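Fold and geometry: a report
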Amino acid sequence: QVHLVESGGGLVQPGGSLRLSCTSSISIFSINAMAWYRQAPGEERELVAGITSGGRTNYYVDSVKGRFTISRDNTKNTVYLQMNNLKPEDTAVYYCSAQTYVQYWGQGTQVTVSS
């Protein structure tokens, strides 16, 4: 099984930045794709960003394009989500996901954007 641990969430003012980290219990080079999802209260879970094992095929939901950047460091078995120019509508629980034969999930980290 793959165990994922997220960190980096917190409270930030609009326009601020946060960097989320997700560390895997196995080499992420062996994982087909890593992704970040988010879920706001009363809303469905949404795919925010994804990255393949090669790191050359990325995906971003339209609402975060130009503001968020997904990256991975295979030496640390870690995927990151750099979030800049944060908006109140970015407030959600952010979940790391690993796609192998099955999909694995982290426990989530809260991101709150508020003045």
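Scroll up for the structure.
Residues numbered from 1 in each chain as written. Predicted model: local features only at pLDDT ≥ 70, side-chain atom pairs only at ≥ 80, totals over all residues. Heavy atoms only, no water.

Let's talk about the overall build of the protein
Counted only if it meets this: Put simply, DSSP H or I for four residues or longer makes a helix, DSSP E for two residues or longer makes a strand, and each gets a number counted from the N terminus. Using C-alpha atoms as the atom set, the radius of gyration is obtained and then compared with a globule rule of 2.2 Å times the number of residues to the power 0.38. Think of it in three bands: residues with accessible area under 20% of the maximum for their type are buried, residues over 50% are exposed, and the middle band is partly exposed, with areas taken using a 1.4 Å probe on protein chains only.
Counting secondary structure elements, the protein contains zero helices and eleven strands. Its C-alpha radius of gyration of 13 Å places the protein within 12% of the 13 Å reference for a compact globule of 115 residues. Referenced to the eigenvectors of the C-alpha coordinate spread, the extents of the protein come out at roughly 40 × 25 × 20 Å. Looking at the 115 residues of the protein, the share that counts as buried comes to 40%.

What about the environment of Ala 98?
Rules: Any pair of residues with heavy atoms lying within 4.5 Å of one another is described as a contacting pair.
For Ala 98, the position within the fold is in strand β9 (residues 92-99). You can call Ala 98 buried: its relative accessible area is 0%. Expressed as a C-alpha distance, the spacing of Ala 98 and Ser 25, which sit 73 residues apart in the sequence, is 11 Å. If we skip the residues at most four places from it in the chain, Ala 98 touches Val 2, Leu 4, Ile 31, Ala 33, Met 34, Gln 103 and Tyr 104.

Things to note about the sheet that holds strand β1 (residues 4-7)
To summarise the sheet geometry, strands pair through backbone hydrogen bonds and adopt either a parallel or an antiparallel arrangement. Basically, it comes down to this: Any two strands with at least two DSSP-identified bridges between them are counted as paired. In this analysis an axis means a line fitted to C-alpha atoms, helices contributing only their contacting stretch, and an angle means the value between N-to-C directions, from 0 to 180 degrees.
Strand order across the open sheet formed by four strands is β1-β3-β8-β7, with antiparallel pairing between neighbours. Of all the strands in the sheet, the pair left with one neighbour each is β1 and β7 (68-73). Across the sheet, the mean angle separating the axes of adjacent strands is 15° when strand polarity is ignored.

Side note on the nonpolar core
Rules: Note on terminology: a nonpolar core comprises buried Ala, Val, Leu, Ile, Met, Phe, Trp, Tyr and Cys residues joined through side-chain atoms within 4.5 Å.
One finds Met 34, Trp 36, Leu 81, Met 83 and Tyr 94 to be the most contacted residues of the largest nonpolar core, which totals 29 residues. Only β3 (18-24), β4 (33-39), β5 (46-52), β7, β8 (78-83), β9 and β11 (109-113) provide two or more residues apiece to this core.

Some remarks on the side chain of Glu 6
This is how the line gets drawn: In summary, the charge assignment counts Lys and Arg as positive and Asp and Glu as negative, without counting His or the chain termini. Think of a salt bridge as a Lys or Arg side-chain nitrogen and an Asp or Glu carboxyl oxygen that are within 4 Å of each other. N or O atoms closer than or at 3.5 Å make up a polar contact, with two conditions inside protein: a donor-capable atom paired with an acceptor-capable one, and, for residues adjacent in sequence, both atoms drawn from side chains.
Relative to the helices and strands, Glu 6 resides in strand β1. Although buried, Glu 6 forms no salt bridge, and the nearest oppositely charged side chain, Arg 45, lies 7.9 Å from it. One polar contact links the side chain of Glu 6 to the main-chain amide nitrogen of Gln 107, over a distance of 3.0 Å. For Glu 6, the side chain forms a polar contact with the main-chain nitrogen of Gly 108, separated by 2.9 Å. Excluding anything up to four places from it in sequence, Glu 6 contacts Ser 21, Cys 22, Trp 36, Tyr 94, Tyr 95, Cys 96, Gly 106, Gln 107, Gly 108 and Thr 109.

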